[in-house]
Amino acid sequence: GRRGPENVWGSAATALICAACSVQGSTFLGIGTDVFVLGYVASLATKLADTFASEIGKAYGKTTFLITTFERVQPGTEGAVSLEGTVAAAFGGLALSLVGYALGFVHTIPAVLVSTFAAFVACNVESLLGATIQEKKGFEWITNEVINFINTVIGAGIAISMGKFLLGMS
């Protein structure tokens, strides 16, 4: 369908914030440049994981289940997951994380794995949010674009936390 500015901010605002924070000096808010760059890569990996999961799941998902109840639902239902879409999500998160590595944004394989893990977890949380609150009564303001923003914040947040506390990045 037609895309507007809300699609851009919903998908890329987190990456922009991480990028802006990464150029504030060697540390900003107690977080080092490399950690913010890891968050940047993870936010984009999260969005690609979500896109792969949605598009591959809708096109090729043989059996789709609602992530909250495991009830069978039609492909394309908010919160629906399939094996094919789930595998595609993992691949999408890994692919973009590897691009970040190849371009020198992410410096170690453990950081690639953190970015991939963060993207995969966030993608599944996005399915939970889609199933439970997206555009539901009283939450009409929680559109797909808002969910995408929350999704990328979760992916970046997981990666930043794991980078700092698990990998010991400064």
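Residues numbered from 1 in each chain as written. Predicted model: local features only at pLDDT ≥ 70, side-chain atom pairs only at ≥ 80, totals over all residues. Heavy atoms only, no water.

Asker: Would you take a moment to explain the sheet that holds strand β5 (residues 80-81) for this structure?
Answerer: Two modes of strand pairing occur in sheets, parallel and antiparallel, and in both the strands are linked by backbone hydrogen bonds. Taken together, three strands build an open sheet; the order of strands is β4-β3-β5 and the sheet is antiparallel. Looking at the sheet topology across the chains shown, the edges are occupied by β4 (72-73) and β5. Examined bridge by bridge, strand β3 (residues 64-66) and β4 share two bridges and lie antiparallel to one another. From the neighbouring strand, F65 faces β4, where its bridge partner is R72. (Pairing = 2+ DSSP bridges. Helix = DSSP H or I, 4+ residues; strand = E, 2+ residues; numbered from the N terminus.)

Asker: It is not clear to me how the packing of helix α2 (residues 33-60) against helix α4 (residues 109-132) should be interpreted in this structure. Could you clarify?
Answerer: To describe two helices that pack against each other, one gives the angle between their axes and the distance between the axes. The contact between α2 and α4 brings their axes to 8 Å, and the two run at 45°. Looking at the two axes, α2 sits oblique to α4. Here α2 and α4 pass one another in a crossing that is right-handed. Of the residues in α4, those touching α2 at L38, V41, A42, A45, T46, A49, D50 and A53 are A111, V114, S115, A118, A119, A122, C123 and E126. Split into classes, the residues belonging to the contact of α2 with α4 amount to 12 nonpolar, two polar and two charged. (Axes fitted to C-alpha atoms, helices over the stretch in contact; angles between N-to-C directions. Parallel < 35°, antiparallel > 145°, perpendicular 65-115°, else oblique. Left-handed = near helix turned anticlockwise from the far one by under 90°. Contact = heavy atoms within 4.5 Å. Nonpolar A, V, L, I, M, F, W, Y, C, P; charged D, E, K, R; others polar.)

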